[in-house]
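Below are the chains, spelled out letter by letter.
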Amino acid sequence: MVIVLATIYAMIYHLLNLNDRPTLDQSSELIVEKVFEHYYWFVVATIPIYALTTFIMFKKTGYNFFFEFIIFEAFKTSQSLVVHILFLPVLYFFKDRSVFNTISHLLLVLDFILILWINKQFFKNLSLSQVLIKSLASYLMYLILSLILIVIIIILFGLDR
């Protein structure tokens, strides 16, 4: 499901030509373009990273990393992709305006709210404050590790067009 949704997202993203925005500098444009050229691979590659960060933060809950956390993160990623797909027409409408970045940041906030909501349902035995702190730490670790992954891939494969 994740692969299908990520492919649909990348296809719509390219069809709407959302990479072509005047607000991006050349290096940022190249990075965004490279990530979205192979977005489905990026999404699939980062699921184990997010599963690892969630496992680290919630390891005392007793769930298995290889089976339960990876499937759990694939489920959360699928839900996030559905939200992002629904926002693509809005992004297209505002692609040449400064509101585009605001909407992109709003999507990050919506992602975290969705993650928090799903984590609270999954980790029922923890209080909301525990889930909030652990989810935030897990999400930040995921963002940092994903950024490191992107930098490593760029270093290994370059940014040549």
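Our structure's up above, just so we're on the same page.
Cut-off values and rules
Residue numbers restart at each chain and count upward from 1, following the sequence in its written direction. Per-residue local features are limited, in this predicted model, to residues with pLDDT of at least 70; the limit for side-chain atom pairs, both in listing and counting, is 80 or more; totals at the level of whole chains, interfaces and linings are taken over all residues. The basis for the side-chain values is all heavy atoms of the structure; hydrogens and waters are excluded. Pairing of aromatic rings covers Phe, Tyr and Trp, the last through its six-membered ring, and needs centres within 6.5 Å; plane angles under 30 degrees mean stacked, over 60 mean edge-to-face, and all others mean tilted. Helix numbers and strand numbers start at the N terminus; a helix is a DSSP run of H or I with at least 4 residues, a strand a run of E with at least 2. Classification of residues uses two cut-offs on accessible area relative to the type maximum, computed with a 1.4 Å probe and protein chains only: under 20% is buried, over 50% is exposed, and between them is partly exposed. In this analysis, a patch consists of residues with relative accessible area above 30% that form no salt bridge, clustered at 9 Å for like charges and at 5 Å for the nonpolar side chains Val, Leu, Ile, Met, Phe, Trp and Tyr. Note on areas: Shrake-Rupley, 1.4 Å probe, and residue coverage restricted to the protein chains presented here. Should a side-chain nitrogen of Lys or Arg be within 4 Å of a carboxyl oxygen of Asp or Glu, the pair is scored as a salt bridge. Residue types Ala, Val, Leu, Ile, Met, Phe, Trp, Tyr and Cys, when buried and joined through side-chain atoms within 4.5 Å, form a set referred to as a nonpolar core. Contacts between residues were defined by any pair of non-hydrogen atoms, one from each residue, lying within 4.5 Å.

Caption draft 1: Quick look at the packing of aromatic side chains. Applying the stated criterion across every chain, the model contains 15 aromatic pairs. A ring pair is formed by Phe-112 and Tyr-139, whose centres lie 5.7 Å apart and whose planes are at 50°; its orientation type is tilted. A residue pair is termed long-range when its members are at least 10 positions apart, and Phe-112 in helix α5 (residues 99-122) and Tyr-139 in helix α6 (residues 128-157) qualify at 27 residues. Since its relative accessible area comes to 9%, Tyr-139 is described here as buried.

Caption draft 2: Representation of a nonpolar patch on the surface within the structure. Taken together, the side chains of Leu-52, Ile-56, Ile-144, Leu-145, Ile-148, Ile-152, Ile-153, Leu-156 and Phe-157 define a hydrophobic patch exposed on the protein surface, amounting to about 850 Å² of accessible area. Going through the elements one at a time, α3 (39-57) and α6 are the ones with two or more residues in the nonpolar patch. The element contributing the most residues to the nonpolar patch is α6, with seven residues. By the secondary structure assignment, Leu-145 is in helix α6.

Caption draft 3: The arrangement of the nonpolar core in detail. Counting 19 residues, the largest nonpolar core has Tyr-9, Leu-18, Tyr-39, Val-43, Leu-81, Leu-88 and Leu-91 as its most contacted members. Mapped by element, the contributors of at least two residues to this core are α1 (2-15), α3, α4 (65-93) and α5. In terms of residue count, the dominant contributor to this core is α1 (six residues). Among all residues touching Tyr-39, those that are not within four sequence positions of it are Ala-6, Tyr-9, Ala-10 and Leu-81. Formed by 11 residues, the second largest nonpolar core is a distinct cluster that contains Ala-51, Leu-114, Ile-118 and Phe-123.

Caption draft 4: Layout of the pattern of salt bridges. One pass over the structure, following the stated rule, counts one salt bridge. One salt bridge in this structure joins Lys-76 and Glu-73, with 3.1 Å as the shortest N-O distance. Pair noted here: Lys-76 and Glu-73 are both in helix α4, with a separation of three residues, about one helical turn. Summarising the burial analysis for this pair, Lys-76 and Glu-73 share the class buried.

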